[in-house]
Amino acid sequence: MKKISALILLVLVIGTIDAYASGDRKQKTETRKYSNEYLDTVKVDKELVINDYVMVGAEYGGGVSRQLFNPPYMQDNLWSMDYYGVSITKYSKMFGFMPYFGLQAGLFHGSEGYLMKENKETGATAVVNGATRCVYKVVDIPVTAQFHYDMDHFKILGALGIYGGYRYSIERSGYMVTDETKYAFLDTDRRFDYGLKGGAGFGIVFDPFEIHVKANVRYSWSTLYEPDYRSEYYYSFAYPLDINLSVGLFLQLGSRSGKDKATLRKEAKAVVFGEN
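Conventions adopted
Per chain, the residues get numbers from 1 upward, laid out in the order the sequence is written. Selection of residues for local features in this predicted model requires a pLDDT of at least 70, selection of side-chain atom pairs for listing and counting requires 80 or more, and totals for whole chains, interfaces and linings are taken over all residues. Working from all heavy atoms in the structure, the side-chain values ignore hydrogens and water. Runs of H or I in DSSP of at least four residues are treated as helices and runs of E of at least two as strands, each being numbered from the N terminus. Only protein chains enter the area calculation, which uses a 1.4 Å probe; residues under 20% of their type maximum are buried, those over 50% are exposed, and those in between are partly exposed. We call two residues in contact when some of their heavy atoms are within 4.5 Å. Surface accessibility in these figures is a Shrake-Rupley result with a 1.4 Å probe; residues are shielded only by whichever protein chains are displayed. For this analysis, a nonpolar core means a set of buried residues of the types Ala, Val, Leu, Ile, Met, Phe, Trp, Tyr and Cys, connected via side-chain atoms within 4.5 Å. Only strands joined by at least two bridges in the DSSP assignment are considered to pair. By convention, a stacked pair of Phe, Tyr or Trp rings (six-membered ring in the case of Trp) has centres within 6.5 Å and planes under 30 degrees apart, an edge-to-face pair has planes over 60 apart, and any other such pair is tilted. Comment: the charge-over-ring label is applied if NZ (Lys) or CZ (Arg) is within 6 Å of the ring centre and within 35 degrees of the ring normal.

**What about the overall build of the protein chain?**
Within the protein chain, the regular secondary structure consists of three helices and nine strands. The linear arrangement of helices and strands in the protein chain, starting from the amino end, is α-α-β-β-β-β-β-β-β-β-β-α. When the 276 residues of the protein chain are sorted by exposure, 35% land in the buried category. A fraction of 72% describes how many contacts in the protein chain between residues 6 or more apart in sequence connect residues 24 or more apart. Counting only carbon and sulfur atoms, one obtains 63% of the accessible surface of the protein chain, whose full area is about 16,700 Å².

Here is the structure:
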């Protein structure tokens, strides 16, 4: 009986040693077979997952300015090509899973003003402080909520927010403008600007760069001059409304999509070895 027990014990020991050796050989074989190069060829779902990321960029363009006059005047579009600025954008997930939103802040330069035209019924052209044309140069700091919907190499953009600015330069022209008032602000002119700013557009994406084409709208809540500059009884208002088209180049400061090569290899191993 003792000899039989010893024989059984010997068989178990040999079997255990052989199992460990076989497992080691199998692991080495699988390691050689499933190298990084091989795992890179395994088909893994590469669904576009947008990360929280930051980007910086610069924009340039031009547009048109008009005034919301009260009382109304006949006016034409005032065109300019000096809209430019820089911005920083932080994209984040709302409620932790909706990757469509972000926040942008920037510093921009542009123009606003008016260009009067002849009233065909009366034959008269309106003037404001002697000017039939007036151009204000403005710098503003907008803070806007961003919307973005991303595809592989394309994205849809939207923005809405507020801005604060300063009218630092003025140029008046017209037959009633004097040398003293052509480039000078009057006591009745308002220089601080603020209001709503928003826009929409699209982006072409080749990570880490993005090219954005946007239409931007800026609606001022600050009239160009004091409402009682002509009369303390009959107020006048002029609220700028500007539309600018711009093209911008942006640089991503982080990874835009969620699955890098290391993540894909990890998922490939799960596919090959049947791991959960």
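After that view of the structure, there is still more to cover.
**Side note on the nonpolar core**
Core analysis: the largest hydrophobic core is formed by 16 residues, its most contacted members being Phe69, Tyr114, Met116, Val128, Tyr136, Leu224 and Tyr225. For this core, the elements supplying multiple residues, two or more each, are β4 (98–116) and β5 (133–150). Contacts of Tyr225, omitting those with residues within four sequence positions, involve Phe69, Val128, Thr188, Asp189, Arg190, Ser236, Phe237 and Ala238. Residues Ile50, Tyr53, Met55 and Phe250 belong to the second largest nonpolar core, which totals six residues.

**Considerations on unusual backbone geometry**
For the bond running from Asn70 to Pro71, omega is 5°, close enough to zero to count as cis. By secondary structure assignment, the location of Pro71 is in the loop between β1 (54–70) and β2 (75–76). Note that the residue after Asp207, namely Pro208, is joined by a cis bond; omega there is 10°. When you line up the elements, Pro208 lands in the loop between β7 (192–206) and β8 (209–220).

**Details of the pairing of β7**
Bridge count for strand β6 (residues 154–173) against β7 is 13 bridges, and the pairing is antiparallel. Of the residues in β7, the one forming a bridge with Leu160 is Gly198. Sheet analysis places β7 next to β8, joined by twelve bridges and oriented antiparallel. Each residue of the ladder has a partner; that of Gly203, found in β8, is His212. Between β7 and β8, which pair antiparallel one after the other, the connecting turn spans two residues.

**Quick look at the pairing of β8**
Across the two faces of β8 the burial differs, with Glu210, His212, Lys214, Asn216, Arg218 and Ser220 buried and Phe209, Ile211, Val213, Ala215, Val217 and Tyr219 not buried at all. As paired elements, β8 and strand β9 (residues 237–252) share eleven bridges and run antiparallel to each other. Looking at β9, one finds that Lys214 is bridged to Ser246.

**Some remarks on the packing of aromatic side chains**
Here the distance between the centres and the angle between the planes together describe a pair of aromatic rings. Applying the stated criterion to the full structure yields 13 aromatic pairs. A centroid spacing of 5.0 Å and a plane angle of 65° characterise the contact between Phe69 and Tyr73, whose relative ring orientation is edge-to-face. Like Tyr73, Phe69 is buried. Members of the aromatic cluster, each reached through a chain of ring pairs, are Tyr100, Phe101, Phe147 and Tyr149. A cation over an aromatic ring shows up here: Arg191 above the ring of Phe185, its NZ or CZ 4.0 Å from the ring centre. Positioned above the aromatic ring of Tyr163 is the side chain of Arg218, whose terminal nitrogen or guanidinium carbon lies 5.9 Å from the ring centre.

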